[in-house]
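Each chain, written out:
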Amino acid sequence: MNGSSIRDQFPLLHQMMGDYPLCYLDTAATSQKPLAVIQAMDDYYRRHNANVHRGSYQLAAAATRGFEAVREKIQRFINAEKQQEIIFTHGTTEALNLLAHGLASQIRAGDRILVDSTAHHANLVPWQQLAKSTGATLIPIPLRSTLRLDRQALTTLLQQPTKLVALSHVSNVLGTVNDIRALSQQIHTAGAICVVDGAQAIGHLPVDIQQLGCDFYAFSGHKMYGPTGIGVLWGRFALLDTLTPLLTGGEMIKTVSFDHTEFGELPFRLEAGTPPIAEVIGLGAAVDFLCSLDREAAQRQEQQLLQQLQQELAQLPGVKLYGAHPDNSGAVAFNLADEHHQDIGMLLDQQGIAIRCGHHCAMPLMQLMGVKGCCRVSLGIYSNAADIKCFIQGLRTAINLLTEV
Ligand code: PMP
């Protein structure tokens with residue numbers, strides 16, 4: 001599939017925003033969905049809808065097979081060792097909450113938890129709350145002036161006993177990429193658990209969790225061309241098996257009496273209640289869609305666009321880029337001197353251009369950057385040179401309007 005035929009797969013992209021064609025540059029918030037995903041969910045509800053894992057009739061058995069086939073697809077997609085290591089959640093946020101809650105009984109007062117300073121709130125607040133409830137200490141890993149993780153500072157921090165390190169694979173604000181393979185080796189050498197938030201990586205980079213070497217990896221379906229309401233927590237079986245379930249109830253048990261419950265096996269032990277079945281089916285279709293593409297070529301093209309975007313932005317008067325680097329992935333963050341980021345977003349929106357402005361659920365990072373918020377332009381598999389041209393022209397218009405007053 002070439003660039004334009006990929007774009008043809010995304011019906012939403014072909015519409016007008018008032019007088020302007022939509023220019024969608026907010027894939028980091030959520031990706032658009034290809035027809036294959038929309039149709040798979042539609043087909044599920046039209047022809048296959050039944051609850052999974054319980055019905056004794058053919059329709060339910062087929063729904064269960066379809067549902068479990070996606071677990072296997074995800075296992076292959078991220079190269080997990082076992083299917084039981086794939087836990088379906090509602091998204092990255094739930095995956096990380098499930099994990100923090102699940103580990104609580106293993107955390108003692110005085111334990112140290114290190115967290116990436118670029119972390120999305122979803123990979124910070126659960127650890128912070130866990131630290132508060134257990135008496136553990138949460139320590140942010142410093143960033144260098146380039147806004148990249150300070151490896152030397154991490155080395156120093158890891159000289160003291162550390163329980164867990166929570167990292168972003170790709171920053172949702174800056175697009176900076178952490179070298180998870182090297183970092184997880186270092187973290188393991190120090191005897192700590194390595195948790196990775198892969199929400200912004202999964203749709204852009206090849207993710208092979210055995211190669212990355214971390215212990216837990218979380219992501220959301222809607223950032224990889226799948227539906228909202230579905231995500232995955234992957235964990236090493238032996239560690240996953242020690243987690244206390246966040247939710248208890250149906251589906252996750254072996255036996256129940258009035259005074260005792262014996263929990264079931266993985267993965268069901270961590271998936272209480274009716275799962276988001278249609279969303280799982282949609283996620284499976286998104287994996288098939290991604291696997292049908294020449295992903296290396298798509299990644300190369302996206303990288304070229306990102307670099308072009310960084311270069312063109314850097315040349316505009318008054319633009320300040322944050323953490324920009326040619327090796328970043330998917331996103332560019334910037335501000336315009338003396339202008340509020342929301343004003344820029346509004347002036348771009350009036351031209352049909354959708355970008356994200358605000359703190360991007362990374363308030364501590366904003367504090368380190370010395371700003372309240374910023375603008376973020378982010379790319380997807382369907383982004384093209386025309387999007388970049390449209391955005392740069394739109395930003396020039398916005399700059400002219402703002403500097404005229
Ligand atoms: N982590 C990162 C890096 C993200 O970008 C996001 C979504 N913006 C999340 C976590 C949370 O994902 P979700 O809202 O799908 O749970």
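Residues numbered from 1 in each chain as written. Predicted model: local features only at pLDDT ≥ 70, side-chain atom pairs only at ≥ 80, totals over all residues. Heavy atoms only, no water.

Some remarks on empty space enclosed by the protein
The criterion, for reference: Cavities and pockets are defined on a 1 Å grid built over the protein atoms alone: a cavity is a set of grid points where a 1.4 Å probe fits but cannot escape, while a pocket is an open set with protein on both sides within 12 Å along at least five of seven lines, and lining residues are those with an atom within 4 Å of any such point. Grid points are joined across faces, edges and corners, and a volume is the space filled by probe spheres set on the points. By definition, any uninterrupted DSSP run of H or I lasting at least four residues is a helix, any uninterrupted run of E lasting at least two residues is a strand, and each is numbered from the N terminus. Amino acids are sorted into nonpolar (Ala, Val, Leu, Ile, Met, Phe, Trp, Tyr, Cys and Pro), charged (Asp, Glu, Lys and Arg) and polar (every other residue, Gly among them).
Evaluation of the coordinates by the stated rule reveals 3 cavities of 30 Å³ or more. Of the voids in this model, the largest cavity is the one considered here, and its volume is about 110 Å³. Lining the largest cavity are 14 residues, with Gly 203, His 204, Ala 298, Gln 299 and Glu 302 sitting closest to its centre. With 6 residues, helix 11 (residues 295-314) is the largest single contributor of residues to the lining of the largest cavity. Here the lining of the largest cavity is built from residues that sort into 6 nonpolar, 6 polar and 2 charged.

Here's the deal with the UniProt feature "domain: Aminotransferase class V" (unreviewed entry) in the chain
Note the cut-off: UniProt positions are given in the numbering used here, feature names are shortened, and annotations may be inferred rather than shown by experiment.
Under the local residue numbering, the UniProt record ascribes the feature "domain: Aminotransferase class V" (unreviewed entry) to residues 24-390. Here residues 24-390 runs as 38% helix and 17% strand, with 10 Å between its end C-alpha atoms.

Description of the layout of surface pockets
By volume, the largest pocket is sized at about 280 Å³. Along the walls of the largest pocket sit 13 residues, with His 169, Val 177, Asn 178, Asp 179 and Leu 205 positioned nearest its centre. Mapped by element, the contributors of at least two residues to the lining of the largest pocket are helix 7 (180-189) and helix 8 (209-212). Within the lining of the largest pocket, the residues separate by chemical class into 5 nonpolar, 3 polar and 5 charged. Estimates place the volume of the second largest pocket at around 210 Å³. Lining the second largest pocket are 19 residues, and of these Thr 92, His 120, Asp 197, Ala 199 and Lys 223 sit closest to its centre. Classifying every residue of the lining of the second largest pocket by side-chain character gives 3 nonpolar, 14 polar and 2 charged.

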